[in-house]
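What the coordinates show
Spelled out, the chains give:
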Amino acid sequence: YTDGAGKQWYQRRVRGSPKVLKMKIVISFLLALTGAYCVVVKSLLDTTYSDGAGKIVTLSDLSGKYIGLYFSASWCPDCRQYTPELVKVYNKIHEDKNWQIIWVTEDHNEPDSDNYFKEMPWIRLSWSEKATRGKSM
């Protein structure tokens, strides 16, 4: 699009459409499946994570699971729309399909990150690891 009307059409029809959201979910799964066995990914993932209750999760705890990396931020409107859809899919399949998502925040401060993570049922890279490992992912 090159004009304001085209941009508005795109924002209403394409970016927020259910088909686009489903495609983003499918792409997330495909990326995770493709990279799940990569040595470079394993070295990046070899750290500790936490769940919503503060329980520590290690890479060995995730052994045998498909791992998806989810990069998002509370300030991102598309992320705010996509996250609830991903939560629905995750809740349906994470146990039966051995699936785990690791959230990597793109927020600019820890309080915003913490508040946004309350909406997510998966694990996350800690705020202290964001500047080091998060930038490498």
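The structure we're discussing is the one just above.
The model shown is predicted, which means the values in this text are computed figures rather than measured ones. All residue numbers refer to position in the chain's written sequence, counted from 1. Thresholds applied to this predicted model are a pLDDT of at least 70 for local features of residues and 80 or more for the giving and counting of side-chain atom pairs; totals over whole chains, interfaces and linings are not thresholded and use all residues. Note that water and hydrogens are dropped before the side-chain values are worked out from all heavy atoms of the structure.

1. What about the overall build of the protein?
Heads up, the rule is: Counting from the N terminus, the helices are DSSP H or I runs at least four residues long and the strands are E runs at least two residues long. Using a 1.4 Å probe on the protein chains alone, a residue whose accessible area is under 20% of its type maximum counts as buried, one over 50% counts as exposed, and one in between counts as partly exposed. Contacts are assigned to residue pairs that have any heavy atoms within 4.5 Å of one another. Here, Shrake-Rupley sampling with a 1.4 Å probe gives the accessible areas, and only protein chains in the shown set may cover a residue.
On a plain count of helices and strands, the protein comes out with 6 helices and 5 strands. Taken from the N to the C terminus, the helices and strands of the protein come in the order α-α-α-β-β-β-α-β-α-β-α. Per-residue burial over the protein gives 33% buried out of 137 residues. Counting only contacts in the protein whose residues sit at least 6 apart along the sequence, the fraction spanning at least 24 positions is 63%. As displayed, the protein offers around 8500 Å² of accessible surface, 56% of which is attributable to carbon and sulfur atoms.

2. Some words on the nonpolar core
Defined as follows: Residue types Ala, Val, Leu, Ile, Met, Phe, Trp, Tyr and Cys, when buried and joined through side-chain atoms within 4.5 Å, form a set referred to as a nonpolar core.
The biggest cluster of nonpolar side chains holds 15 residues, and the ones touching the most others in it are Tyr70, Leu86, Ile101, Trp103, Tyr116, Met120 and Trp122. Only α4 (77-93), β4 (99-105) and α5 (110-117) provide two or more residues apiece to this core. No other element matches the 5 residues that α4 contributes to this core. Core analysis: the next-biggest nonpolar cluster, separate from the first, contains 10 residues, Leu45, Leu62, Ile102 and Val104 among them.

3. Quick notes on the environment of aspartate 114
Operational definition: Here a polar contact is taken to be a pair of N or O atoms separated by no more than 3.5 Å, where protein atoms must pair a possible hydrogen donor with a possible acceptor and residues adjacent in sequence count only if both atoms sit in side chains.
In this fold, aspartate 114 is placed in helix α5. What makes aspartate 114 partly exposed here is its relative accessible area of 28%. Sequence spacing of aspartate 114 and serine 74 is 40 residues, and the spatial spacing of their C-alpha atoms is 9.6 Å. Reaching out from aspartate 114, the side chain makes a polar contact with the side chain of arginine 124 at a distance of 3.0 Å.

4. Some remarks on α4
Counted only if it meets this: What a helix is expected to span follows from its residue count: subtract one and scale by 1.5 Å. One axis is fitted to the seven residues ending at the residue and one to the seven starting there. The bend at that residue is the angle between these axes.
Between the first and last C-alpha of α4 there are 25 Å, a value that for 17 residues agrees with the 24 Å anticipated at 1.5 Å per step. By the largest-angle criterion, threonine 83 marks the main kink of α4, which is about 25°, and a proline, proline 84, follows within four residues. Within α4 the residues assigned to the buried category are Cys79, Tyr82, Thr83, Leu86, Val87 and Tyr90.

5. Structural notes on the environment of leucine 86
Tracing the chain through its elements places leucine 86 in helix α4. Here leucine 86 falls in the buried class, since its relative accessible area comes to 3%.

6. Brief notes about the sheet that holds strand β2 (residues 56-58)
Put simply, the test is: Strands are treated as partners if at least two bridges between them are detected by DSSP. Axis definition: a line fitted to C-alpha atoms, limited for helices to the stretch in contact. Angles are taken between N-to-C directions and run from 0 to 180 degrees.
Spatially, the 5 strands line up as an open sheet ordered β2-β1-β5-β4-β3, and their pairing is mixed. Of all the strands in the sheet, just β2 and β3 (66-72) have a single pairing partner and so form its edges. Across the sheet, the mean angle from the axis of one strand to that of its neighbour is 40°, orientation sign disregarded. Relative to β2, strand β1 (residues 48-50) runs antiparallel, the two being bridged by 3 bridges.

7. Description of the pairing of β4
To keep things clear, this is the line we draw: Call a crossover right-handed when, viewed with both strands pointing away from you, the route from the first strand across the helix to the second goes clockwise.
Counting buried residues in β4 gives 7 out of 7 residues, a clear majority hidden from the surface. Side chains of β4 alternate between two faces, with Trp99, Ile101, Trp103 and Thr105 and Gln100, Ile102 and Val104 buried alike. Both β3 and β4 contribute to a ladder of 7 bridges, which runs parallel. Along β4, the bridge assignment pairs glycine 68 with isoleucine 101. Running through α4, the crossover from β3 to the neighbouring parallel element β4 is right-handed.

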